[in-house]
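# Overview (structure and organization)
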Amino acid sequence: MTSTKAAPERPSWSSNTPVTTTSTSTTTTSNGPILFLPPRAFRAVLTQHAYGPYGRARMSGKRLGAKVTNLAAGRLTGRIRVVALGRTLGETLRLNLYPPDGPTGSLNTSWTTSDGFQRRCFEGASDPRAPHGPADLHSALGRSVLLRPAAGPDGQTVVDRVLIGAGEVLALDPDRHCQDAVFSTTAGGVRKPLWPSPTRALWQDAHALYGAVRDDRTGLYARLRSLRLRSGDAGAPYQLWAVGLLANKTLPVIWTYGSYPYAPHMERHLHQASYRGSVLAEYLAWSLKKAAVVAAETAFPAMRAADEAGQVARLDARYMFWPAAEEPFYELLDEVIERGPEADDPVSEPCNAYAALLLSTARTQLLQRLDGLHLLSADNNLARARALQLFENLVTARNAPAELRGETARE
């Protein structure tokens, strides 16, 4: 796949392939431009309106000006969006779109009519405006997007180019306009909505979602807490679907997402289980890293500082452990829900079983990594023995999570 910049003297039409980014370069294959059917192209347009990262559209600013080519970050950029999935489409819409206060307002049609809305002009910098209501919030356009129709190879209508420019800039009130946001505090003490991380899997923060259901007084999570368990409900009647776009400055990298089960009256149990599950996995991963460091320092005592990271990485089982820990985590939550809110303690036994499984997985993966030493010398035998002993000491220590010792954690 090749990419070439458009001519600078006029606005550039771009391939629809990068429609979910701020790119407006032309992307082709050896067979010509990539063609999208309209439904897929429109889904990409909707993604651009909400998740488009900040930056500059690759079109000339000489003709249309910086007010069109400078793109503001979409309203969901840099945070995790949570959607509560109900048993029916109607229930899903009611859970997520019910206004927290005041009327629903009208859909934003300012891009085709002027009824009730002031359409943005591009004569100067855009002043952020507060949405008129939920309908305006979910229909305001975060980008100006044009799709160019074309005839496909079989005569069907396709989209072969898009043109992306700046759109609306909204001033959002976190309490009114971000009902689904789960706020947490950064290492620097800044309070912000839960954000996608390149180093931390989303499921490790699932307890934050359940904590919001337990504690929030208004909005989406308060509505979830007010639900009642219906006769005949089996398993989890609701799912908390969380999704975020991980970006490197202006370059989208990858979607991060997860779906977490919820059953009425079980928010405290699910918060406890998900929190303990995350703590257990993190402690075992930390123990694997410590074991890898000891193994590397023993096996390669003369290694240079510049080589240390590479040698430790050879023996670090965390890269195998984290993917293997995810599915058991979801099974833990399902097991807690299956036991139901009437159980005296639906959390402790599943957590102990989860801990035993993860401990066995971590131990096996550590052994597989240490096998890379090939047992070639006494130093390597010693490195293996020291790493294994340290790992066992860490997982049986008094400050280790209680579940690793087969005990019940006391919050």
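Before reading on, note that the structure itself is shown above.
The numbers attached to residues start from 1 for each chain and follow its sequence in the written order. Reporting in this predicted model follows two pLDDT cut-offs: at least 70 for local features of residues, and 80 or more for side-chain atom pairs to be given and counted; totals over whole chains, interfaces and linings ignore these cut-offs and use all residues. Excluding hydrogens and water, the side-chain figures rest on all heavy atoms present in the structure.

## Examining a nonpolar patch on the surface
Patches draw on residues past 30% relative accessible area with no salt bridge. Two like charges within 9 Å are joined, as are two nonpolar side chains (Val, Leu, Ile, Met, Phe, Trp, Tyr) within 5 Å. Note on areas: Shrake-Rupley with a 1.4 Å probe; residue coverage comes only from the protein chains shown. One side-chain nitrogen of Lys or Arg within 4 Å of one carboxyl oxygen of Asp or Glu is enough to make a salt bridge. A cluster of nonpolar side chains, Leu85, Trp241, Trp255 and Tyr257, forms an exposed patch at the surface whose accessible area comes to about 420 Å². Helix and strand assignments come from DSSP, with helices taken as H or I runs of at least 4 residues and strands as E runs of at least 2, each series counted from the N terminus. Tracing the backbone shows Tyr257 in strand S12 (residues 251-262).

## Let's talk about a negative patch on the surface
Just so you know, the count uses Lys and Arg for positive and Asp and Glu for negative, and it drops His and the chain ends. Lysine's charge is taken at NZ, arginine's at CZ, aspartate's at CG and glutamate's at CD. There is a patch of like negative charges on the surface, built from Glu327, Glu331, Asp334 and Glu338. Note on placement: Asp334 falls in helix H11 (residues 318-339).

## Description of the sheet that holds strand S6 (residues 81-85)
For two strands to be treated as a pair, DSSP must find at least two bridges joining them. The sheet built from three strands is open, its strands ordered S6-S11-S12 with antiparallel pairing. Two strands bound the open sheet, and with one partner strand each, they are S6 and S12. Pairwise comparison of adjacent strand axes, ignoring direction, gives a mean angle of 20 degrees for this sheet. By the bridge criterion, five bridges tie S6 to strand S11 (residues 238-248) in an arrangement that is antiparallel. The residue bridging Leu85 from the neighbouring strand is Gln239, located in S11. Any two residues whose heavy atoms approach within 4.5 Å at even a single point are treated as in contact. Angles run from 0 to 180 degrees between N-to-C directions of axes, and those axes are lines fitted to C-alpha atoms, restricted for helices to the stretch in contact. Most of the contacts of helix H7 (residues 206-215) go to S12, to which it runs at about 55 degrees, and overall it touches S6, S11 and S12.

## Focus on the packing of helix H9 (residues 267-299) against helix H12 (residues 348-370)
Two elements in contact, H9 and H12, have axes separated by 10 Å at closest approach and are oriented at 20 degrees. By the angle between their directions, the pair H9 and H12 is classed as roughly parallel. H12 is crossed by H9, and the crossing has right-handed handedness. Contacts between H9 and H12 involve Ala273, Arg276, Gly277, Leu280, Ala281, Leu284, Leu288, Ala291 and Ala295 on the former and, on the latter, Cys351, Tyr354, Ala355, Leu358, Leu359, Ala362, Leu366 and Leu370. Amino acid classes used here: Ala, Val, Leu, Ile, Met, Phe, Trp, Tyr, Cys and Pro are nonpolar; Asp, Glu, Lys and Arg are charged; the rest, including Gly, are polar. Looking at side-chain class alone, the contact of H9 with H12 contains 15 nonpolar, one polar and one charged residues. Note on angle classes: values under 35 degrees are labelled roughly parallel, values over 145 roughly antiparallel, values of 65 to 115 roughly perpendicular, and the remainder oblique. Each helix crossing is assigned a hand: it is left-handed if the near helix lies turned anticlockwise from the far helix by less than a right angle, otherwise right-handed if that turn is clockwise.

## A word on the pattern of salt bridges
If you walk through the whole model with that rule in mind, you get 18 salt bridges. The salt bridge partner of Arg200 is Asp205, with a shortest N-O separation of 3.0 Å. Arg276 is the partner of Glu403 in a salt bridge, and the nearest nitrogen-oxygen pair spans 2.9 Å. With a gap of 127 residues between them, Glu403 in the segment after helix H13 (378-396) and Arg276 in helix H9 connect regions that are remote in the sequence. Think of it in three bands: with a 1.4 Å probe and only protein chains considered, a residue is buried below 20% of the maximum accessible area for its type, exposed above 50%, and partly exposed in between. Take Glu403: its relative accessible area is 5%, and that puts it in the buried class. Arg276 sits in the buried class, given a relative accessible area of 11%. Salt bridges linked by common partners bring Arg79, Arg81 and Asp180 together as one network.

## As for helix H8 (residues 219-226)
Across the eight residues that make up H8, a large majority, six, are buried. All of the buried residues in H8 are Gly219, Leu220, Tyr221, Ala222, Arg223 and Leu224. In the core, the buried residues of H8 are packed alongside S6, helix H4 (89-97), H7, S11 and S12.

## Describing helix H1 (residues 38-51)
With 14 residues, H1 extends 20 Å from end C-alpha to end C-alpha; this agrees with the ideal 20 Å at 1.5 Å per step. Where H1 is concerned, the buried positions are Ala41, Ala44, Val45, Thr47, Gln48, His49, Ala50 and Tyr51. Residues of H1 that are buried make contact with S6, strand S7 (143-151), strand S8 (157-166), S11 and S12. Working rule for helices: expected span equals 1.5 Å times residues minus one.

## Observations concerning the side chain of Arg79
Take Arg79: it is sitting in the loop between strand S5 (70-71) and S6. Among the polar contacts listed, one links the side chain of Arg79 to the side chain of Asp180, at a separation of 2.9 Å. Leaving out residues up to four positions away in the same chain, Arg79 has contacts with Cys178, Asp180, Ala181, Pro193, Leu194, Trp195, Pro196, Val243 and Gly244. Each polar contact in these results corresponds to two N or O atoms within 3.5 Å; when the atoms are within protein, one needs to be able to donate a hydrogen and the other to accept it, and residues that are neighboring in sequence are counted only if both atoms are side-chain atoms.

## Side note on the side chain of Gln365
Counting through the fold element by element, Gln365 comes out in helix H12. Excluding residues that lie within four positions of it along the chain, Gln365 makes contacts with Ala317, Met320, Phe321 and Ala324.

## Concerning the packing of aromatic side chains
Note on aromatic contacts: the rings of Phe and Tyr and the six-membered ring of Trp form a pair at centre separations within 6.5 Å, being stacked when their planes are under 30 degrees apart, edge-to-face when over 60 apart, and tilted otherwise. Within the structure shown, the criterion is met by eight aromatic pairs. A centroid spacing of 5.0 Å and a plane angle of 85 degrees characterise the contact between Tyr51 and Trp255, whose relative ring orientation is edge-to-face. Note that Tyr51 is positioned in helix H1 and Trp255 in strand S12, a separation of 204 residues in sequence. When its relative accessible area of 11% is taken as the criterion, Tyr51 is described as buried. Their ring planes at 45 degrees and their centres at 5.4 Å tell us that Tyr283 and Trp286 sit as a pair that is tilted. You can see Tyr283 and its partner Trp286 sitting in helix H9, three residues apart, about one turn around the helix. Take Tyr283: its relative accessible area is 12%, and that puts it in the buried class. Three or more aromatic residues link up through ring pairs in this structure, and these residues are Trp203, Tyr260, Phe321, Trp322, Phe329 and Tyr330.

Purely spatial values, then, with no claim about function.
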